[in-house]
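Examining the three-dimensional arrangement
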Amino acid sequence: MEKVTNDDEIGPSSLGSNIKIGDKVRVKPSVVTPTHKWGAVTHKSIGVVKKIQGESLTVDFPEQKNWTGIVSEMEIVASTGLDIQNGSLILDVDFSGIMTIPDLADIKVGDRVRVKSSITTPKHNWGGHVTHKSVGVVKDIKSEDVIVDFPKHKAWKGILSEMELVKDSDTDISGFP
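Let us look at the structure shown here. Keep in mind that what you see is a predicted model, and the values were worked out from it rather than measured. (Residues numbered from 1 in each chain as written. Predicted model: local features only at pLDDT ≥ 70, side-chain atom pairs only at ≥ 80, totals over all residues. Heavy atoms only, no water.)

This part covers the overall build of the protein. A count of helices and strands for the protein gives 0 helices and 12 strands. For the protein, the succession of helices and strands along the chain, N to C, is β-β-β-β-β-β-β-β-β-β-β-β. Classification of the 177 residues of the protein by burial places 37% in the buried group. If you take every contact in the protein between residues at least 6 apart in sequence, the share linking residues at least 24 apart comes to 49%. When the accessible surface of the protein is summed, it comes to about 10,600 Å², and 55% of that surface belongs to carbon and sulfur atoms. (Helix = DSSP H or I, 4+ residues; strand = E, 2+ residues; numbered from the N terminus. Buried < 20%, exposed > 50% of the residue type's maximum accessible area, 1.4 Å probe, protein only. Contact = heavy atoms within 4.5 Å. Areas by Shrake-Rupley, 256 points an atom, 1.4 Å probe, with all protein chains shown as cover.)

Below you can see the structure in the form of structure tokens.
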């Protein structure tokens, strides 16, 4: 049993007792498998607490809305003042000096994408010919699933949160149609 503390208390706590609605949270690294399973969420996922009921909480992650977890299995993520997606802050700098932070919603059918370098093994696996260097074209998006045509693997299935946009200057795509 875990000691229950007053939710009005403020300050750092490893017990997660200070988590409140609106906080940015993630699953603690020490949690191998959350009580209510992973779904599309990973250790790198950062979401916003929408509801707390006893020891249960509901979190909106970019990868999965209304994810159910246990307060003691979560930790608060310190705010940087910037919007963090999937545990990573990715800044794109173009030659005009303008910095932008890409959002998952930016990926759409027809875009050129690749698997993020932070992904060790995609949820639906590599499929033989797909690597971190492979660049493909998005053919379909259904919820969090994305279908990508890579030069050596057509109709590859991935997870939207595991993908990143590729700009023309990012890679050499010789042989790409």
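This brings us to the sheet that holds strand S12 (residues 163–165). Pairing is antiparallel in the open sheet, where 5 strands are placed in the order S11-S10-S9-S8-S12. Lying at the two open borders of the sheet, with one neighbouring strand each, are strand S11 (153–159) and S12. The average undirected angle you get between the axes of adjacent strands in this sheet is 45°. Where strand S8 (residues 112–115) meets S12, 3 bridges bridge the pair, whose relative direction is antiparallel. When the bridges of S12 are listed, Val113 appears paired with Leu165. (Pairing = 2+ DSSP bridges. Axes fitted to C-alpha atoms, helices over the stretch in contact; angles between N-to-C directions.)

Bringing the sheet that holds strand S1 (residues 24–27) into the picture now. The strand order across the open sheet built from 5 strands is S4-S3-S2-S1-S5, with neighbouring strands paired in antiparallel fashion. Across the chains shown, the open sheet's two edge strands, defined by having one partner strand only, are strand S4 (67–70) and strand S5 (74–76). Going from strand to strand, the sheet's axes swing by 50° on average, the running direction of each strand aside.

Enumeration according to the criterion identifies 2 aromatic pairs in this entry. Ring geometry for Phe150 against Trp156: centres 5.4 Å apart, planes inclined by 80°, an arrangement best described as edge-to-face. (Phe/Tyr/Trp six-rings, centres within 6.5 Å; stacked < 30°, edge-to-face > 60°.)

All chains considered together, the criterion is met by 6 salt bridges. Linking Glu75 and Arg26 is a salt bridge whose minimum nitrogen-to-oxygen distance equals 2.7 Å. Here the residue Glu75 occupies a position in strand S5, and Arg26 occupies one in strand S1, the gap between them amounting to 49 residues. Linking Lys157 and Asp145 is a salt bridge whose minimum nitrogen-to-oxygen distance equals 3.7 Å. Note that Lys157 is positioned in strand S11 and Asp145 in strand S10 (residues 145–150), a separation of 12 residues in sequence. Classification of Lys157 as partly exposed rests on a relative accessible area of 37%. Under the relative-accessibility criterion, Asp145 is labelled partly exposed at 26%. (Salt bridge = Lys/Arg side-chain N within 4 Å of Asp/Glu carboxyl O.)

This paragraph deals with the side chain of Asp23. Structurally, Asp23 is set in the segment before S1. In this structure the side chain of Asp23 is engaged in a polar contact, spanning 2.8 Å, whose partner is the backbone nitrogen of Lys20. Not counting the four nearest positions on each side in its chain, Asp23 is found in contact with Asn18, Gly47, Val48, Val49 and Ile76. (Polar contact = N/O pair within 3.5 Å; in protein donor to acceptor, adjacent residues only side chain to side chain.)

Of note in the backbone geometry, Asn66 takes a positive phi value of approximately 55° without being a glycine. Given the relative accessible area of 55%, Asn66 is considered exposed. Non-glycine residue Asn125 carries a positive phi angle of around 70°. Mapped onto the elements, Asn125 comes out in the loop between S8 and strand S9 (136–142).

Across the two faces of S8 the burial is the same, with Arg112 and Arg114 and Val113 and Val115 all buried. The sheet contact formed by S8 and S9 spans 2 bridges and is antiparallel. The residue of S9 that forms the bridge with Val113 is Gly136.

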